[in-house]
Amino acid sequence: MELIRTIRHMQDWSEAKRVRGQRIGFVPTMGFLHEGHLSLMRHARGQSDHLVVSIFVNPLQFGPKEDLAQYPRDLDRDLELMKPIPVDAVFHPEPEAMYPPGFQTRVEVTEVTKGLCGTFRPGHFTGVATVVLKLFNIVRPHLAVFGEKDYQQLVTIKRMAQDLNLDLVVEGQPTLREPDGLAMSSRNVYLSSEERRSALALSESLRLAQEMVTAGRRAAADILAAVREKIESRPHNKVQYAVLVDPLTLEDVTRVNDRAVLALAVFTGRTRLIDNALLTAP
Ligand code: PAF
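The notes below deal with the structure included here. Treat the numbers as computed from the prediction; the structure is a model and nothing was measured. (Residues numbered from 1 in each chain as written. Predicted model: local features only at pLDDT ≥ 70, side-chain atom pairs only at ≥ 80, totals over all residues. Heavy atoms only, no water.)

Some thoughts on the overall build of the chain
And step 1. A tally of regular secondary structure across the chain gives nine helices and nine strands.
And step 2. Its C-alpha atoms give the chain a radius of gyration of 19 Å, near enough to 19 Å, the size a compact globule of 282 residues would have.
And step 3. By its C-alpha atoms, the chain is 55 × 40 × 40 Å across when sized along the principal axes.
And step 4. Across the chain, the mean location of the 35 positive side-chain charges is 1 Å away from that of the 35 negative side-chain charges. (Helix = DSSP H or I, 4+ residues; strand = E, 2+ residues; numbered from the N terminus. Rg over C-alpha atoms; globule rule 2.2 N^0.38 Å. Lys, Arg positive; Asp, Glu negative; His and termini not counted. Charge placed at Lys NZ, Arg CZ, Asp CG, Glu CD.)

This is the structure in structure tokens:
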């Protein structure tokens, strides 16, 4: 596994593989890896000749009051976890290399970023789209894999790839969960043990919503009221948003007639957790 720290080196590395006609799979991450990231890597690995993982805590996607400084980082631990995959190259640039003085370009995906997290994290998806396009230009992958846990991010990146005619495939992979249902996330380390118990209400409420739909309930207002109630009945939990949206446009739906994504953002104590599920009507 090669640790690559400069943009030039990464571009040369990828070019050498591409001229030989070899396929590059790519998993962008912000590090502090967990089993969810590793499953994305295994998936990308299985479909490529070479696997590149980036580890870069992207300052552009954090708001001024968000957890950029506290975001957990441990490169040695990450490198150890990736060994068995195996990963061929890890791209780990300095923020100054990605955003040198004078940097002033932004990639804005306008519509699918408006609601959900976009309402509460202004500029976040512009930061994500900008860094992901830069990473695509540096790593030049044929395939890039993202987790469905960040559902709005996945839709945003797919939209960007389509709108800008990027020559690669963007794929989503299902959310990995702890045995008790909690969606895996690097931010779970912020939770106290009591908060962690309360956080289980997110996945429980997603299951409850599917049960309601299966039982014939269709009205979004009823489903969302039950979801909020379930989550906020536990200590420390405050729902930031709970929405039912069209899986492609992310526009609100009023009824679950066929398929809809239930997306949640919840503060459990001071930790902001997100989760989602695709609800299907029988
Ligand atoms: O999902 C993440 O970890 C980040 O948003 C990403 C895609 C690596 C961009 O910084």
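Points about the site of the ligand
And step 1. What surrounds the ligand is the set Pro28, Thr29, Met30, Asn58, Gln61, Val131, Phe146 and Gln153.
And step 2. Within the side chain of Gln61, one N or O atom sits 2.6 Å away from an oxygen atom of the ligand.
And step 3. Interatomic distance of 2.7 Å between a side-chain N/O atom of Gln153 and an oxygen atom of the ligand.
And step 4. Contact with the protein chains removes 89% of the 290 Å² of surface that the ligand exposes when unbound. (Near = heavy atom within 4 Å. Polar contact = N/O pair within 3.5 Å; in protein donor to acceptor, adjacent residues only side chain to side chain. Areas by Shrake-Rupley, 256 points an atom, 1.4 Å probe, with all protein chains shown as cover.)

Digging into the sheet that holds strand 3 (residues 50-55)
And step 1. Spatially, six strands are ordered 1-4-3-2-5-6 in an open sheet, and the strand pairing comes out parallel. The two strands at the open ends of the sheet, each matched to only one other strand, are strand 1 (2-4) and strand 6 (169-173). With direction set aside, neighbouring strand axes in the sheet form an average angle of 25°.
And step 2. Pairing of strand 2 (residues 24-29) with strand 3, which is carried by six bridges, proceeds in the parallel orientation. Bridged to Gly25 within strand 3 is Leu51.
And step 3. Set on the sheet, helix 1 (residues 7-19) makes contact with strand 1, strand 2, strand 3 and strand 4 (89-91); between it and strand 1 the angle comes to about 130°.
And step 4. Together, strand 2, strand 3, strand 4, strand 5 (143-147) and strand 6 form the strand contacts of helix 6 (residues 124-139), whose direction differs from that of strand 2 by roughly 145°. (Pairing = 2+ DSSP bridges. Axes fitted to C-alpha atoms, helices over the stretch in contact; angles between N-to-C directions. Contact = heavy atoms within 4.5 Å.)

Quick word on the nonpolar core
And step 1. Counting residues in hydrophobic clusters, the biggest one holds 44 residues, and the most contacted among them are Phe136 and Met160.
And step 2. Looking at this core, the elements with two or more residues in it are helix 1, strand 2, strand 4, helix 6, strand 5, helix 7 (151-163), strand 7 (237-245) and strand 8 (259-268).
And step 3. It is helix 6 that contributes the most residues to this core, 10 residues altogether.
And step 4. In contact with Met160, not counting residues within four places along its chain, are Val107, Val109, Ala129, Val132, Leu133, Phe136 and Leu166. (Core = buried A, V, L, I, M, F, W, Y, C linked by side-chain atoms within 4.5 Å. Buried < 20%, exposed > 50% of the residue type's maximum accessible area, 1.4 Å probe, protein only.)

Just distances and angles here, no functional claims.
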